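Listed below are the residues making up each chain.
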Amino acid sequence: MAAEDLDRAAAVLGEAFTDYPWTNWCVEADSHQERVTGLQRLYLEHMAVPHGLVYTDADRNGVVAFIPPDAPAPAESVFATIAELHGDRFARMVETEAQLSTMGTWDDAWLLATIGVARGAQGRGLGGDLLAAGLAEMDRRGHACWLDTATRRNLPLYERHGFSITGHIAIDDGPEVWRMHREAGSAR
């Protein structure tokens, strides 16, 4: 992915996640969309692109990214930028991540790290198409996947693509989060 592609993908994801319960909970409200866009760019640039799989549509209006379970952690300097972008909600995010870890993960499963569609392209099935393409590749490679979602309305979409709910946490004064898992070859 070229730098301009990273910028466009991050902008799409920043727009898609601006009103998302999780990012509203753990990313500072001041310059919120810019912060979310910056975080998405960091995850794409330092995790998904070099170690995982990233899919976009031809018009670059949608993005889906998967990260393998053995991806190395980003450099310390990247963590400092992540903390800066989370702003006054960074400590809240770290505490909440500790709560989420109680739901467990799978050693061999890839993380469906992010998926989003630009507002002007939403409602046309683009997200589902990108998800299907990415999951087809996961199936081809024999990889299970897992994800977290903080929006109840996302559950049927993921269930249609073979994911099952494996955990649920209601964060005090925060969003609900569902953990979902999908075995390889679980297309419905």
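Above: the structure in question.
Residues numbered from 1 in each chain as written. Predicted model: local features only at pLDDT ≥ 70, side-chain atom pairs only at ≥ 80, totals over all residues. Heavy atoms only, no water.

Visitor: Mind showing me how you'd approach the nonpolar core here?
Guide: The biggest cluster of nonpolar side chains holds 31 residues, and the ones touching the most others in it are Trp-22, Cys-26, Leu-44, Val-63, Leu-100, Ile-171 and Val-177. Contributions of two or more residues to this core are made by α1 (3-16), α2 (21-26), α3 (32-51), β2 (62-67), α4 (76-86) and α5 (90-101). Considering each element in turn, this core owes the most residues, 6 residues, to α3. Counting residues in each nonpolar core, the second largest holds 20 residues, with Leu-112, Val-117, Met-138 and Tyr-158 among its members. (Core = buried A, V, L, I, M, F, W, Y, C linked by side-chain atoms within 4.5 Å. Buried < 20%, exposed > 50% of the residue type's maximum accessible area, 1.4 Å probe, protein only. Helix = DSSP H or I, 4+ residues; strand = E, 2+ residues; numbered from the N terminus.)

Visitor: Any chance you could explain the packing of aromatic side chains here in plain terms?
Guide: A complete count under the given rule lists 3 aromatic pairs for this structure. Taking the centre distance of 5.0 Å and the plane angle of 85° together, the rings of Phe-17 and Tyr-20 count as edge-to-face. There is no split in this pair, since Phe-17 and Tyr-20 are both buried. Ring centres of Trp-106 and Trp-146 lie 6.3 Å apart, and the angle between their planes is 45°; this geometry places the pair in the tilted category. Taken as a pair, Trp-106 in the loop between α5 and β3 (110-117) and Trp-146 in strand β4 (residues 145-149) lie far apart in primary sequence, 40 residues in all. On the basis of relative accessible area, Trp-106 is assigned to the partly exposed category, the value being 25%. Over the face of the ring belonging to Trp-25 we find Arg-92, whose NZ or CZ atom lies 3.9 Å from the ring centre. (Phe/Tyr/Trp six-rings, centres within 6.5 Å; stacked < 30°, edge-to-face > 60°. Lys NZ or Arg CZ within 6 Å of the ring centre and 35° of its normal.)

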